[in-house]
Amino acid sequence: MKIVDDYKYFVENKKLSHKITTIFLNPCFHSVVLYRLSSFFYKIKLGILAKIIWYINRVVFNVDIDYKANLAGGFMIVHGFGVVIGSGVTSKGRLKVYQGVTIGGNGAEYRIIDDRKVWIPQIGDNVTLYTDAKLFGPIKIQENSVIKAGKIVSHDFITEE
């Protein structure tokens, strides 16, 4: 299950006390759980429940992750205020997102990536997006990429050295 992978990523190499407090007191983890619930309800065709849970996540945690996004297990938010992840975003594995990150379309372009028509970023495994990074358009982010704080990415991205 994806939520188990998310939890394992949040508590990797942590003490038991941190593992317990993550479940009860970590708002970033709670935000990921709400995203997973809204996505689940969307997939079983209970769109109104998906929308209600999405709305709660947005109001309570100031995190806007569309329930149509397809984020693999191992998704972590760090200081999540202002995170926006649009409909159609796909991640292939671990994804760490910091405050103010926006992932969305550019409003016009489409492209074929992995035999699918996409308008929004497609993200590889083990990617980190630091504070206020912005990803726009039908782009592909290579696995193991690190996108620095404040960077705007609108073309395919390969990690910079």
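Refer to the structure printed above.
Scoring rules and cut-offs
Residues numbered from 1 in each chain as written. Predicted model: local features only at pLDDT ≥ 70, side-chain atom pairs only at ≥ 80, totals over all residues. Heavy atoms only, no water. Patch = residues over 30% accessible without salt bridge, like charges linked within 9 Å, V, L, I, M, F, W, Y side chains within 5 Å. Areas by Shrake-Rupley, 256 points an atom, 1.4 Å probe, with all protein chains shown as cover. Salt bridge = Lys/Arg side-chain N within 4 Å of Asp/Glu carboxyl O. Helix = DSSP H or I, 4+ residues; strand = E, 2+ residues; numbered from the N terminus. Pairing = 2+ DSSP bridges. Core = buried A, V, L, I, M, F, W, Y, C linked by side-chain atoms within 4.5 Å. Buried < 20%, exposed > 50% of the residue type's maximum accessible area, 1.4 Å probe, protein only. Contact = heavy atoms within 4.5 Å. Axes fitted to C-alpha atoms, helices over the stretch in contact; angles between N-to-C directions. Parallel < 35°, antiparallel > 145°, perpendicular 65-115°, else oblique. Left-handed = near helix turned anticlockwise from the far one by under 90°.

S.K.: Break down a nonpolar patch on the surface for me, with residues and values.
M.R.: A cluster of nonpolar side chains, contributed by F40, I44, L46, I48, L49, I52, Y55, I56, V59 and V60, occupies part of the molecular surface with about 920 Å² of accessible area. Sort the elements by how many residues they give to the nonpolar patch and helix α4 (residues 47-61) lands first, with seven residues. Examined against the element boundaries, F40 turns out to sit in helix α3 (residues 27-43).

S.K.: Account for the sheet that holds strand β1 (residues 63-65), with residues named and values stated.
M.R.: The five strands are arranged β1-β3-β6-β11-β14 in an open sheet whose pairing can be described as parallel. The sheet is open, and its two borders are formed by β1 and β14 (152-153), each paired with just one other strand. Summarising the sheet, strand β6 (residues 102-104) and strand β11 (residues 134-136) pair through three bridges and their orientation is parallel. Among the inter-strand pairings, G104 is bridged to a residue of β11, identified as F136.

S.K.: Outline the pairing of strand β5 (residues 95-98), listing residues and values.
M.R.: The pairing of strand β2 (residues 75-78) with β5 spans four bridges and is classified as parallel. For V78, the partnering residue across the bridge sits in β5 and is Y98. With three bridges connecting them, β5 and strand β10 (residues 127-129) associate as parallel partners. Paired with K96 across the bridge in β10 is T128.

S.K.: Outline the nonpolar core, supporting the account with residue identities and numerical values.
M.R.: Counting 41 residues, the largest nonpolar core has L71, F75, I85, L129, L135 and I141 as its most contacted members. Ranked by residue count, the leading element in this core is α3, at six residues. Excluding residues that lie within four positions of it along the chain, I141 makes contacts with Q122, I123, G124, V127, L135, I147, V153 and F157.

S.K.: Residue-level account of the pattern of salt bridges, with values.
M.R.: On inspection of all chains with the given rule, the structure shows five salt bridges. The closest approach of N and O atoms between E12 and R94, which form a salt bridge, is 2.8 Å. Here the residue E12 occupies a position in the loop between α1 (2-11) and α2 (16-25), and R94 occupies one in the loop between β4 (90-91) and β5, the gap between them amounting to 82 residues. Judged by its relative accessible area of 37%, E12 is partly exposed. R94 gets classed as partly exposed once you look at its relative accessible area, which sits at 28%. Put simply, D64 and R58 hold a salt bridge, and the shortest N to O gap is 3.6 Å.

S.K.: Which residues make up the packing of α1 against α2, and what values do they have?
M.R.: Look at α1 against α2: their axes get within 10 Å of each other, and the N-to-C directions meet at 130°. The angle between the axes of α1 and α2 places the two elements in the oblique class. Once α1 is placed against α2, the crossing between them reads as right-handed. Mapping the contact onto sequence places Y7, F10 and V11 in α1 and H18, K19, I20, T22 and I23 in α2.

Remember, this is a structural readout, not a statement about activity or role.
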